[in-house]
Amino acid sequence: MLEKLEQIKLDALAAMDKITDQESLLVWRATYTGKKSALMDIFNQMRELSKEERPLVGKRANEVRQDLEKRYEEKQSEIKKELLKESLQSEILDVTLPGRNLSHGRLHPTTQTLRRIYKIFAEMGFQVYRSREVETDDFNFTHLNMPQHHPARDMWDTFYTNTEGVILRTHTSPGQIHAMKEYFPEPIRVILPGMCYRYEQVSTRSEMQFTQVEGLAVGHDITFGDLKGTLSDFARRLFDADVRTRFRASHFPFTEPSAEMDVECFVCNGDGCSVCKQTGWLEILGSGMVHPNVLRAGGYDPEVYSGFAFGMGPERLTMLLHRIGDIRNFWRNDMRFLEQF
Ligand code: FA5
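Residues numbered from 1 in each chain as written. Predicted model: local features only at pLDDT ≥ 70, side-chain atom pairs only at ≥ 80, totals over all residues. Heavy atoms only, no water.

### Regarding the packing of aromatic side chains
Under the criterion given, the structure shown has 14 aromatic pairs. Between Phe121 and Phe234, the ring centres sit 4.9 Å apart and the planes meet at 20°, which makes this aromatic pair stacked. Taken together, the residues Phe121 in helix α5 (residues 109-123) and Phe234 in helix α8 (residues 224-238) connect sequence positions 113 residues apart. On the basis of relative accessible area, Phe121 is assigned to the buried category, the value being 0%. You can call Phe234 buried: its relative accessible area is 0%. An aromatic cluster is defined as three or more aromatic residues linked by ring pairs; in this entry it consists of Phe121, Phe126, Phe234, Phe308 and Phe310. (Phe/Tyr/Trp six-rings, centres within 6.5 Å; stacked < 30°, edge-to-face > 60°. Helix = DSSP H or I, 4+ residues; strand = E, 2+ residues; numbered from the N terminus. Buried < 20%, exposed > 50% of the residue type's maximum accessible area, 1.4 Å probe, protein only.)

Following this line, the structure appears as structure tokens:
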């Protein structure tokens, strides 16, 4: 028995020398010290030994078991150390390498234009007035001098909600009424930016969803001269100090008289080209003196107050500023387009 024990120990230690990983180490433990191991057989066979032999073999068997367990613990910590060494070498950190570039986010081109518009009007004393995108039919049309069944409503077809009389606004003009109701009887100088929606054919110049910036000035003795001066100055500040502009008579139910403002075409410098449809001019906004019925709807007496209003499309202005040929790029989410601004 004692010889057998020595042999078990020798075999186990020889097998241990070949072990280099955790998995084989576990197999080794089961083989040499587990329940079915030769060492355990010896413990089980102790009963069959003579009284003299039993303590000797028992003592030696326990020693062998302790030796093997000790060897197991040693091997385990060797393997752990080796693993740590390997990971330190393979995941080495070189602090002298240059850092990775962070990719910078950027503002959408329309947002950039909007911020320029806010800044210019802020310098002229206009505050930003936030107004809602979901409107009632009354605010979008009726209060703007377009009663039910008025043919002018056909110019602005929109999206209707399931709630009767609640629509997506077609322009920022209903915000004029909200601002007047809130400010009365104070004088007003606000711009109203925001999204508008129209049920119309999408093309290179028209989207179903676009931004507008409305402007409204109400007070005493405000004239058409103020309107022209404010908007001409705005164009000079946005485009160029010597940009050429013109006002063209137009019609909006909520202004009287009404005018559209054009800037000289940047592509052909006024000679006429496909972008300006051979006219040499590009329309940038609609405007006019606030109609008496609209002043009344907002609570201002047209005998005492007067005002002007305008509405421009920042996407169209951005197209002019950056010579963008297709408005549909603004909503395509194509990084190749967006990264240029
Ligand atoms: C209006 O919406 C008037 N409410 C403007 C106004 C305000 C006039 C105050 C008088 C007083 P219009 O439909 O022309 O007008 O639109 C004004 C601007 O919005 C246009 O010049 C254009 O820049 C922009 N716009 C209109 N429709 C679209 C569209 N489908 N896609 C992109 N921009 C558009």
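### Some words on the pattern of salt bridges
Inspection of every chain in the model, using the stated rule, returns 18 salt bridges. Put simply, Glu264 and Arg244 hold a salt bridge, and the shortest N to O gap is 3.0 Å. Linking Glu264 in strand β7 (residues 255-264) with Arg244 in the loop between α8 and β6 (245-252), this pair joins segments that are 20 residues apart in sequence. Note on Arg244: relative accessible area 48%, which makes it partly exposed. (Salt bridge = Lys/Arg side-chain N within 4 Å of Asp/Glu carboxyl O.)

### Section: the domain arrangement of the protein
Splitting the protein by domain gives domain 1 (2-90) and domain 2 (109-338). The distance between the C-alpha centroids of domain 1 and domain 2 comes to 89 Å. (Domains from an automatic or database assignment.)

### Re the packing of helix α1 (residues 2-17) against helix α4 (residues 53-90)
Viewed as axis vectors pointing N to C, α1 and α4 meet at an angle of 5°, and their least axial separation amounts to 10 Å. For the element pair α1 / α4, the angle class is roughly parallel. Judged by residue contacts, Leu2, Leu5, Glu6, Lys9, Ala12, Leu13, Met16 and Asp17 of α1 engage Leu56, Val57, Arg60, Ala61, Val64, Asp67, Leu68, Arg71, Tyr72 and Lys75 from α4. Class assignment for the residues of the contact of α1 with α4 results in 11 nonpolar, no polar and 7 charged. (Axes fitted to C-alpha atoms, helices over the stretch in contact; angles between N-to-C directions. Parallel < 35°, antiparallel > 145°, perpendicular 65-115°, else oblique. Contact = heavy atoms within 4.5 Å. Nonpolar A, V, L, I, M, F, W, Y, C, P; charged D, E, K, R; others polar.)

### Some remarks on helix α2 (residues 22-33)
In a regular helix each residue adds 1.5 Å, so 12 residues correspond to 16 Å; α2 covers 16 Å between its end C-alpha atoms and thus fits that length. Listing the buried residues of α2 in full gives Leu25, Trp28, Tyr32 and Thr33. Burial along α2 is one-sided: seen end-on, the buried residues are contained in an arc of 80°. Exposed residues pointing more than 90 degrees away from the buried face of α2 are listed as Glu23 and Val27. Looking at the buried positions of α2, the neighbouring elements they touch are α1, α3 (38-45) and α4. Where α2 begins, one side-chain oxygen reaches toward the backbone nitrogen of Glu23, 3.2 Å away; that side chain belongs to Asp21. (Expected span 1.5 Å × (residues − 1). Arc of directions from axis to C-beta. Polar contact = N/O pair within 3.5 Å; in protein donor to acceptor, adjacent residues only side chain to side chain.)

### Some points on α1
The end-to-end C-alpha distance of α1, which contains 16 residues, comes to 23 Å, matching closely the 22 Å that a straight helix rising 1.5 Å per residue would cover. Among the residues of α1, Leu5, Ile8, Lys9, Ala12 and Met16 are the ones counted as buried. Looking straight down α1, one finds that the buried residues subtend no more than 95° of arc, so they occupy a single side. In α1, the exposed residues that point more than 90 degrees away from the buried face are Glu3, Leu10 and Asp17.

### Structural notes on the site of the ligand
Not every one of the 25 residues close to the ligand is listed here, only the nearest: Ser173, Arg198, Glu200, Glu207 and Glu283. Arg198 places a side-chain nitrogen or oxygen 2.9 Å from an oxygen atom of the ligand. A distance of 2.5 Å is found between a nitrogen atom of the ligand and a side-chain nitrogen or oxygen belonging to Glu200. Isolated, the ligand exposes 670 Å² of accessible area, and the fraction of that covered by the protein chains is 95%. Breaking the shell around the ligand down by element, the ones donating at least two residues are β5 (209-219), β8 (281-290) and β9 (306-312). (Near = heavy atom within 4 Å. Areas by Shrake-Rupley, 256 points an atom, 1.4 Å probe, with all protein chains shown as cover.)

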